[in-house]
Amino acid sequence: MSTPNGIPNNEPLTTDITNPTPHDQNQAPSNNNKKTNPKPGYPDSIPATSLLADFITTSKHTDLPAPVQEKVQELLIDYIGVTLGAIQHAESTAPIIEAVNTLQGIPPRALATAASTPANQGIGGNGGYCSVIGQGPEQRWLPQYAGLLNAALGHSLDFDDTYAPGTLHAGVTAIPAALLGAEVLLYQTPQTTGGSTTAPPATTQGDPIPPSAFLHAIALGYETTSLIGRELGFAAYKRGFHNTSVAGIFGAIATLSSLLHLTRTETLAAFGLAGSRAAGSMQYLANGAWNKRLHPGFAVHDAWVCVGMARAGVVGAEGALEGGSGVLRGYTAEPEVVDLRRLVEGLGMEGGDGGREWRRKEKGDWKVCRSSLKPYPACRMTHGFIEMGGEFGEEWRRSRMMDGAVSAGGRSRSDDGDAVGRGRPLPEDIEGIELFMSPENFILIGDPTPNKRHPTNNIDAQFSAYFQVAHALLYGAKTGDLAAYSRLDDPGINALTEKIVVRTDDGMKQFSARMKIRWNGGEVVERSQEFPLGEMEHPFTRERVVEKFHALADPEVGEERAQEILRLVDGLVGGGTRIEDLIKSLR
């Protein structure tokens, strides 16, 4: 058990924050490879940060199995579509870009002009300016700002992939880090600075980064974020932190380390510095603020800064993850449930018992494969309810059609999405709705506060089980549909949310959902869903991946260009696409 600040009850506080040794663990630290304590904050805690750096700097792109490459490819398609969709559909996009341009101090067009000069092309140039998806070929940003924008836009619709065991979004830091790292490599001769002993091979426009190396770097980012996020767990949310960015900065560093060929020492230093930059407050829920959209952007921005400092020889803290004041103690309300052995075994490490040294084995389980695509632009915790609500509404329509009982009224209007669709139920057809979810999910999507029962902005609506269920029943649940957020003041939705009651069930875990509807007339229907659409147990088909991509990308870039982007991404596996061509297609 923990006290409210997350310190185990059986462990006294210490004023020596440089060496907070638990009272029963005051012996001298043992050999690094023989540390076996799976709990963070002890002298003999498993050196997870060090072993993670070992994994990242020794893993090769040939280690990534073909099916995992294909999964990363699918996640990349989804990220690109979601990021393009944010240009039109996220009201925060223009202000965020304007703010970044002001902070940069140099207009993006001026940087693009500088990048296009002969001195900045190929080997020997001093370019390295980066592009932002969908912002045009005539604009460039400094790498840290390009990373910030690509990550923030990718998260602005809350439509990006999710990793259920860590309750986070891993791709929105890994992929933007890969894009900026690749673009820097393509247009800038790598610098050998500080203590570097290994520099990435020089690349030119005629000698692109191997697509397999690009996919591998993304996969390493996913693995790092997911494994750290799994240990933070939902207890980090109880503490008020957002796992996507707290863990995501480490994932972004892993991706950059792989692409830029950082040494183990540099990677470890970057992790140490990241321990002072990992952040992300859940207080945005109080008023539907845009902080959440910026969280992964800040993480990628700061990852680039940490990597730059590490390459220059700046010393970072040891034990950034497992230390007494490290992330896995400071950011979770339940550090006693953290299992460092589980974390490092997820890296393919084994050993540590009986004095045996930790060693690498073949990594057979890539966590990136458990990242799921989202069919609906809302908090993942609402997805089971959205899908069931859409199904219940459709079944109601079918039963009334068979009975010949579909009336005109509001249902006879056009099917253009501006009114209740023909044959959908109306609020008066429903007597009441009960939703059942885990206590953890209740905190984020079920608490019957005014801003959840009747949201007035997109973020509140994304985190409202009340709004999402009412909308799905009245309007349906369609992949890639963003029209829900144009209906925040819909009188039918607001009437129906008043009939919804949310209950908690201690036996429900992660994203499981159960719904009971009492129709007027006495009929009661009930359904449950353990895994939302998109999880491995309830998969999202390739057809739906493409459908979602086109729904988001076509309005912004047109169908022809969207098809070309798809072709280039699909060509990464097997090496048929040059990374330079992919990046150019995204501008």
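Residues numbered from 1 in each chain as written. Predicted model: local features only at pLDDT ≥ 70, side-chain atom pairs only at ≥ 80, totals over all residues. Heavy atoms only, no water.

Per an unreviewed UniProt entry, the protein chain goes by MmgE/PrpD and derives from Hortaea werneckii. Listed under Sequence similarities (unreviewed entry) in UniProt, the entry text for the protein chain is "Belongs to the PrpD family." (UniProt positions renumbered as here; feature names shortened; annotations may be inferred.)

(A) How the structure looks around the overall build of the protein chain. Check the secondary structure of the protein chain and you find 22 helices and eight strands. Within the protein chain, buried positions represent 59% of all 587 residues. Sequence-distant contacts, at least 24 apart, represent 74% of the contacts inside the protein chain between residues at least 6 apart. (Helix = DSSP H or I, 4+ residues; strand = E, 2+ residues; numbered from the N terminus. Buried < 20%, exposed > 50% of the residue type's maximum accessible area, 1.4 Å probe, protein only. Contact = heavy atoms within 4.5 Å.)

(B) Up close: the sheet that holds strand β6 (residues 500-504). Within the open sheet, the four strands sit side by side as β6-β5-β7-β8. Their pairing is mixed. A single partner strand is all that each edge strand has here, and the edge strands are β6 and β8 (524-529). Averaged over all pairs of adjacent strands, the angle between strand axes in this sheet comes to 15°, irrespective of strand direction. Bridge count between strand β7 (residues 513-519) and β8: six bridges; the pairing is antiparallel. The residue bridging K516 from the neighbouring strand is E526, located in β8. Running over the sheet, helix α15 (residues 439-446) touches β5 (430-437) and β6 and is turned about 125° from β5. Running at roughly 130° to β5, helix α18 (residues 465-475) makes contact with β5, β6 and β7 of the sheet. (Pairing = 2+ DSSP bridges. Axes fitted to C-alpha atoms, helices over the stretch in contact; angles between N-to-C directions.)

(C) Representation of the packing of aromatic side chains in the model. Tallied over the full model, the rule gives seven aromatic pairs. Relative to Y237, the ring of F234 has its centre 5.2 Å away and its plane inclined at 20°; by these criteria the two rings are stacked. Across the pair, exposure class does not vary: F234 and Y237 are buried alike. Ring centres 5.7 Å apart and planes at 50° place the aromatic pair F250 and F271 in the tilted group. Taken together, the positions of F250 in helix α9 (residues 243-260) and F271 in helix α10 (residues 264-274) put the pair 21 residues apart, joining distant regions of the chain. Of the residues examined, F250 reaches a relative accessible area of 0% and is grouped as buried. Note that R487 overlies the ring of Y475, its terminal NZ or CZ placed 3.9 Å from the centroid. (Phe/Tyr/Trp six-rings, centres within 6.5 Å; stacked < 30°, edge-to-face > 60°. Lys NZ or Arg CZ within 6 Å of the ring centre and 35° of its normal.)

(D) Up close: a nonpolar patch on the surface. On the surface, V305, M309 and V314 cluster together into a nonpolar patch covering about 210 Å² of accessible area. Residue position: M309 is located in helix α11 (residues 291-311). (Patch = residues over 30% accessible without salt bridge, like charges linked within 9 Å, V, L, I, M, F, W, Y side chains within 5 Å. Areas by Shrake-Rupley, 256 points an atom, 1.4 Å probe, with all protein chains shown as cover. Salt bridge = Lys/Arg side-chain N within 4 Å of Asp/Glu carboxyl O.)

(E) Examining the pairing of β5 more closely. Of all eight residues in β5, seven are buried, a share of seventy percent or more. Across six bridges, the pairing between β5 and β7 is antiparallel. Across the sheet, the residue bridging to G432 is R518, located in β7. The sheet contact formed by β5 and β6 spans five bridges and is parallel. Paired with E434 across the bridge in β6 is V501.

(F) Here's a closer look at the environment of E580. Checked against the element boundaries, E580 lands in helix α22 (residues 579-586). Using a relative accessible area of 1% as the deciding quantity, one classes E580 as buried.

(G) Looking closely at the environment of V337. Relative to the helices and strands, V337 is located in the loop between α12 (327-330) and α13 (340-345). Distance in space between the C-alpha atoms of V337 and G233 is 9.3 Å, their sequence separation being 104 residues. With near-sequence residues (within four places) excluded, V337 lies in contact with K39, E231 and R342.

(H) Quick peek at α9. An ideal rise of 1.5 Å per residue puts 26 Å on 18 residues; α9 measures up with 25 Å between its terminal C-alpha atoms. In α9, a bend of some 35° at I249 exceeds every other bend along the element. In terms of burial, α9 is largely enclosed, as 18 of its 18 residues are buried. In the segment just after α9, H261 is the residue with positive phi, at about 60°. (Expected span 1.5 Å × (residues − 1). Bend = angle between axes of the 7 residues up to and from the residue.)

(I) Structural detail: the confidence of the model for the protein chain. Per-residue confidence for the protein chain averages 86 on the pLDDT scale, and 84% of its residues sit at or above 70. Ignoring residues within four places in sequence, the model shows residues 1-30, a span with pLDDT below 50, making 47 contacts including any to other chains. Scored below 50 in pLDDT, residues 122-126 makes 15 contacts in the model with residues more than four places away or belonging to other chains. (pLDDT = per-residue confidence, 0-100.)

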